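The primary structure of each chain is shown beneath.
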Amino acid sequence: ASGRSRSRPRGAGGGTVLLPSMLMFGVILASSGLLLMIEKGILAEVKPPPLHPAGEGERSRRGDGGGQEAPGDLESRVLRDVRNRTIRAVCGQRAMPRSVWELPAGQRRTVLRHLLVSDKYRFLYCYVPKVACSNWKRILKVLDGALESVDVKLKMDHRSDLVFLADMKPDEISYRLKNYYKFLFVRNPMERLLSAYRNKFGEIKEYQQKYGVEIVRRYRKNGGNSAGDDVTFSEFLRYLLDEEAERMNEHWMPIYNLCQPCAVRYDFIGSYERLNADANYVLRRVQSPSFVRFPERQSWYKPVTAETLHYYLCNTQRRLIKELLPKYILDFSLFAYPLPNITSEFCRQ
């Protein structure tokens, strides 16, 4: 599937592609224990290897919490260690970028547009849509005095009262990348895709009209009369297969493309699965005021459960999921998420 032309990312302006080559892709898969799973046809759910957390002397700058003890039990510490080791191994390859200035213009523009800046508290946050980024944006507005409380019942404006690294001059960008605390939050790639699908095509008319109408017209026989509000999950996945990763909408663009974890040396990578604990750790780490806390989940919000995800995956053509995995394989690999279990035995349950 990875050899298909429609799945190969191209650098902006025809420049050198800094995403892994086919050889690098194989190395990444093998090093993460994923190649065998794909060859076997996707596999049973796999847990991260039982590595022991790295000692202080061997911790990577990535994800180590800046010298402070990050939250979590043994399992979460092992998970962070797996992520750190995988990122070191992958990003240490010669073909991978070492800084944002080594990225092609399009890739650099994407990551700089997703890095939010707090000069007051000296941190950079790479926001990833569908990974609680609205709540983090609320927190940044509170920290900068533009919002009184994270609990204010206002529709989130995703641009106003926020500072993006892309708005700064090159020397200002370099200084902050070198000296500020940098973090991002990640999520299971398939769960994130399902969340985006249900939200954008089930609730938001703008997305139904802009993307839904075209998706149905392209992938459904006699679908020309659709209002875009009836896109199926399979049609959505077929659309993603035909999209170049670098040109995707940010709500389903791979996290790797959004935040470039090889070009930006993140100090902490938090998990959606441990959202409150990891978020409050970051707030303590940047020394935010004690009254600033991570917002509670809204009562109306319906999260994607494991059961919901498996229902959608098990009712989707296995071929589609197999072909889509290479496009998001760096998100699975670098952030230590298991590939989806869509075996016949599991789905029969």
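Residues numbered from 1 in each chain as written. Predicted model: local features only at pLDDT ≥ 70, side-chain atom pairs only at ≥ 80, totals over all residues. Heavy atoms only, no water.

I keep staring at the state of the cysteines and nothing clicks. Help me out?
Put plainly, a disulfide is one covalent bond tying together the sulfur atoms of two cysteines. The tally for this structure, following the rule as stated, stands at three disulfides. The disulfide partner of Cys-126 is Cys-259, and the gap between their sulfur atoms is 2.0 Å. Linking Cys-126 and Cys-259, the disulfide has an S-S dihedral of approximately -95° and is accordingly described as left-handed. Taken together, the residues span a long stretch of sequence, with Cys-126 in strand β2 (residues 123–126) and Cys-259 in helix α10 (residues 255–259) at a distance of 133 residues. Cys-259 carries the same exposure label as Cys-126, and that label is buried. Residue pairing for Cys-314: its cysteine sulfur links by disulfide to Cys-347, the two sulfurs lying 2.1 Å apart. Residues Cys-314 and Cys-347 are joined by a disulfide whose S-S torsion is about -75°; by sign, that bridge is left-handed. Linking Cys-314 in helix α12 (residues 306–314) with Cys-347 in helix α15 (residues 344–348), this pair joins segments that are 33 residues apart in sequence. When its relative accessible area of 25% is taken as the criterion, Cys-314 is described as partly exposed. Judged by its relative accessible area of 27%, Cys-347 is partly exposed. Bonded cysteines in the chain are paired 1-4, 2-3, 5-6 when counted in the order they occur along the chain. (Disulfide = S-S within 2.5 Å. Helix = DSSP H or I, 4+ residues; strand = E, 2+ residues; numbered from the N terminus. Buried < 20%, exposed > 50% of the residue type's maximum accessible area, 1.4 Å probe, protein only.)

Explain the packing of aromatic side chains to me, please; I cannot follow it from the model alone.
Aromatic ring pairs are reported here in terms of the distance separating the ring centres and the angle at which the planes meet. Tallied over the full model, the rule gives 26 aromatic pairs. Between Phe-183 and Phe-185, the aromatic rings sit 6.3 Å apart at their centres with planes inclined by 85°, giving edge-to-face as the arrangement. For Phe-185, a relative accessible area of 1% gives the class buried. Ring geometry for Phe-233 versus Tyr-312: centroids 5.5 Å apart, planes at 75°, classification edge-to-face. With Phe-233 in helix α9 (residues 233–242) and Tyr-312 in helix α12, this pair connects stretches of sequence that are 79 residues apart. Here Tyr-312 falls in the partly exposed class, since its relative accessible area comes to 22%. Linked through ring pairs, Tyr-197, Phe-201, Tyr-207, Tyr-211, Phe-233, Phe-236, Tyr-239, Trp-252, Tyr-311 and Tyr-312 together constitute an aromatic cluster. Over the ring of Tyr-272 we find Arg-187, and its NZ or CZ is 3.9 Å from the ring centre. (Phe/Tyr/Trp six-rings, centres within 6.5 Å; stacked < 30°, edge-to-face > 60°. Lys NZ or Arg CZ within 6 Å of the ring centre and 35° of its normal.)

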